[in-house]
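Read off the chains here:
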Amino acid sequence: MIYVRKVGPQLGHTRQPHSRIIKIILMLLILVISITLTVKLLNTNLEFKLEDLLDLSHEGPDFRVVRSSPHKNSSLPGKCGLPQPCPEEHFAYKISSGAANVIGAKICFNGEILIGVTKPSGAGISIAVVNGKTGELVIADSFDLWNGDLEPLVQFLTSIQNGSIVLMASYDDPASRLNDEARTLIGQLGSSHISTLGFRDNWIFMGGKGMKNIKPLEKHLKNDKSVNKYDDWPEMIEMDGCLPRNQD
């Protein structure tokens, strides 16, 4: 008797182990890739956490501050919006002109808003006078130079005492009623642009009277309708920094 072997099913059985091996290899590859990505993410987070722990556990001055700046308080914001505190024996200041006839001028000194909040600026020129030694406000006022009386401005400028820091900022129109006397008095405080300040110019100034250790600073942007940001007015200008205390 002759027997015939059916090889079909047997061949199928011989191929099954190969397909299982391929599936296992693919699963292992996927697992390896997943583990690799997870380890990288964990290492990155670990580095951040370790750095934070080192900073928090450091005794004495902040280690991050020591690395970034020699100033021991540079991690703290400065007064008047400065990014860092001023050195000792210095005052922080920031002056902003007005924007068109909508936003008034602003003067900040040693962390106090002298013009712009409790005392809003008027159209014209706003002036703050500060004691150069103590940093305390002496007087602050705004003067309408569009249709106001000029005499109060002249009296104000004449009354400024030696040893004073003077900060000025324009709003709307700072020049229409300025005469030679007023321009001369402001020029004696150190302004070199007051002689050419014109209708609706933007102008900010910082100087001192009788203070040798302060160099006057100012910015002046002419009213030019071809380049103005606000049609009939130039764009707002700002100036900030640190002023040395009067040592005289």
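Numbering of residues starts from 1 in each chain and follows the order in which that chain's sequence is written. With the structure being a predicted model, the display of local features is reserved for residues of pLDDT at least 70 and the display and counting of side-chain atom pairs for 80 or more, all residues being used for whole-chain, interface and lining totals. With hydrogens and water stripped out, all remaining heavy atoms of the structure feed into the side-chain values.

### Some details on the pattern of salt bridges
Here, a salt bridge means any side-chain nitrogen of Lys or Arg that lies within 4 Å of a carboxyl oxygen of Asp or Glu. The final tally for this structure, using the stated rule, is five salt bridges. Taking the shortest distance from any N to any O, the salt bridge between aspartate 172 and arginine 200 comes out at 3.8 Å. Of this pair, aspartate 172 sits in the loop between β6 (164-171) and α4 (180-188) while arginine 200 sits in the loop between α4 and β7 (202-209), and the two are 28 residues apart along the sequence. Here aspartate 172 and arginine 200 have matching classes, each one buried. Secondary structure elements are defined from DSSP: runs of H or I of at least 4 residues count as helices, runs of E of at least 2 residues count as strands, and each element is numbered from the N terminus. Buried residues are those whose accessible area, probed at 1.4 Å on protein chains only, stays under 20% of the maximum for their type, while exposed residues exceed 50% and partly exposed ones sit between those limits.

### Brief notes about the nonpolar core
The nonpolar core is taken to be a set of buried Ala, Val, Leu, Ile, Met, Phe, Trp, Tyr and Cys residues, with the residues joined through side-chain atoms within 4.5 Å. Of all hydrophobic cores here, the largest spans 23 residues; its most connected members are Ile127, Leu153, Leu157, Met168, Leu178 and Trp203. Only β4 (124-131), α3 (151-158), β6, α4 and β7 provide two or more residues apiece to this core. Ranked by residue count, the leading element in this core is α3, at four residues. Throughout, a residue-residue contact means that at least one pair of heavy atoms, one from each residue, lies within 4.5 Å. When neighbours within four sequence positions are excluded, leucine 178 is seen to be in contact with Leu145, Leu150, Leu153, Arg183, Ile194 and Leu197. By size, the runner-up hydrophobic cluster in this structure holds 22 residues, among which are Tyr93, Ala128, Ile165 and Ile237.

### Topic: the sheet that holds strand β3 (residues 112-115)
Between any two strands, pairing holds if DSSP finds at least two bridges. Ordered by their spatial adjacency, four strands build an open sheet running β3-β2-β1-β9, and the pairing between neighbours is antiparallel. Among the strands making up the open sheet, the edge pair consists of β3 and β9 (238-244). With strand direction ignored, the average angle separating the axes of adjacent strands in the sheet is 20°. In this sheet, β9 lies alongside strand β1 (residues 90-96) in antiparallel orientation, the contact comprising seven bridges. Bridge pairing in β9 places isoleucine 95 opposite methionine 239. Where helices are involved, their axes are fitted lines through C-alpha atoms of the stretch in contact, as for all axes, and angles between N-to-C directions lie from 0 to 180°.

### Points about the pairing of strand β8 (residues 217-221)
Every second residue of β8 is oriented toward a common face, the buried set being Glu218 and His220 and the non-buried set Leu217, Lys219 and Leu221. Relative to β8, β7 runs antiparallel, the two sharing five bridges. By the bridge assignment for β8, tryptophan 203 is matched with histidine 220.

### Description of α4
For an α-helix, the turn length of 3.6 residues means that residues three or four places apart are oriented alike. Inspection of α4 places Ala182, Arg183, Leu185 and Ile186 among the buried residues, and these make up the whole buried set. Projected down its long axis, α4 shows its buried positions confined to an angular sector of 160°, all on one face. For α4, the exposed residues set more than 90 degrees away from the buried face come down to Asp180 and Gln188. Of the surrounding elements, those touching the buried residues of α4 are α3, β6 and β7. Sitting at the amino-terminal end of α4 is asparagine 179, which places a side-chain oxygen 3.3 Å from the backbone nitrogen of glutamate 181. The positive-phi residue at the C-terminal boundary of α4 is glycine 190, with phi of around 120°. Throughout, the arc means the angular range of directions from the helix axis out to the C-beta atoms. Whenever a nitrogen or oxygen atom comes within 3.5 Å of another N or O atom, the pair is scored as a polar contact, on the condition that within protein one atom can donate a hydrogen and the other can accept it, and that pairs from neighbouring residues in sequence are kept only if both atoms are in side chains.

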